[in-house]
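Results of the structural survey
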Amino acid sequence: MENQNVKGGWCKASLVLGVIAMIFALLPLASAWFMLLTGVNYLLAPIGIICGVVALVKSQNLKKSIIGMVLCIVALCLPFFLAELYVESAAESVGNAMDMLSNF
């Protein structure tokens, strides 16, 4: 088999993990049930940061690796800044559930 030399694999991994981590960080704004998935964010973001650092060390695509690392760092910090909105969303969901149960 031929030996394929993949250029930029680490920076692409960092970028993809950063985007996925951002999605998991913002999902609880849509529904309180998605708060259960924020743990996935804390697993993916550090892996994305490590991939970005490896890409920087290997001098791969610097723009993609830096953007991926920034996305991962923001995805790690976002739940702390949006905690109040997460709680409001959860309270609204509980209120809607209670209204639905009272109409039964």
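Owing to the predicted nature of the structure, the values given are computational and were not obtained by experimental measurement.

1. Focus: the packing of helix α1 (residues 9–26) against helix α3 (residues 62–81)
- Orientation of α1 relative to α3, taken along the N-to-C sense of each, is 25°, at an axis distance of 8 Å. On the basis of the axis angle, α1 is roughly parallel to α3. Both α1 and α3 take part in a crossing whose hand is left-handed. Counted together, Cys11, Lys12, Ser14, Leu15, Leu17, Gly18, Val19, Ala21, Met22, Ala25 and Leu26 of α1 and Lys64, Ser65, Ile67, Gly68, Met69, Leu71, Cys72, Val74, Ala75, Leu78 and Pro79 of α3 form the full contact between these two elements.
- Tallied by class, the residues present in the contact of α1 with α3 amount to 16 nonpolar, four polar and two charged.

2. A short note on the nonpolar core
- Ala21, Leu44, Ala75 and Leu78 are the most contacted members of the largest nonpolar core, which has 13 residues in total.
- For this core, the elements supplying multiple residues, two or more each, are α1, α2 (38–57) and α3.
- In terms of residue count, the dominant contributor to this core is α1 (five residues).
- Setting aside residues no more than four positions away along its own chain, Leu44 makes contact with Leu17, Ile20, Ala21 and Phe24.

3. What about the environment of Tyr86?
- For Tyr86, the position within the fold is in helix α4 (residues 83–102).
- Tyr86 has contacts with Ala25, Leu26, Pro28, Leu29, Met35 and Pro79, leaving out every residue within four places of it along the chain.

4. Brief notes about the environment of Ser89
- Here Ser89 shows up in helix α4.
- On the basis of relative accessibility, which here comes to 12%, the residue Ser89 falls in the buried class.
- Distance from Ser89 to Val19, taken between C-alpha atoms, is 23 Å for residues 70 residues apart in sequence.

Definitions and limits used
Residues numbered from 1 in each chain as written. Predicted model: local features only at pLDDT ≥ 70, side-chain atom pairs only at ≥ 80, totals over all residues. Heavy atoms only, no water. Axes fitted to C-alpha atoms, helices over the stretch in contact; angles between N-to-C directions. Helix = DSSP H or I, 4+ residues; strand = E, 2+ residues; numbered from the N terminus. Parallel < 35°, antiparallel > 145°, perpendicular 65-115°, else oblique. Left-handed = near helix turned anticlockwise from the far one by under 90°. Contact = heavy atoms within 4.5 Å. Nonpolar A, V, L, I, M, F, W, Y, C, P; charged D, E, K, R; others polar. Core = buried A, V, L, I, M, F, W, Y, C linked by side-chain atoms within 4.5 Å. Buried < 20%, exposed > 50% of the residue type's maximum accessible area, 1.4 Å probe, protein only.

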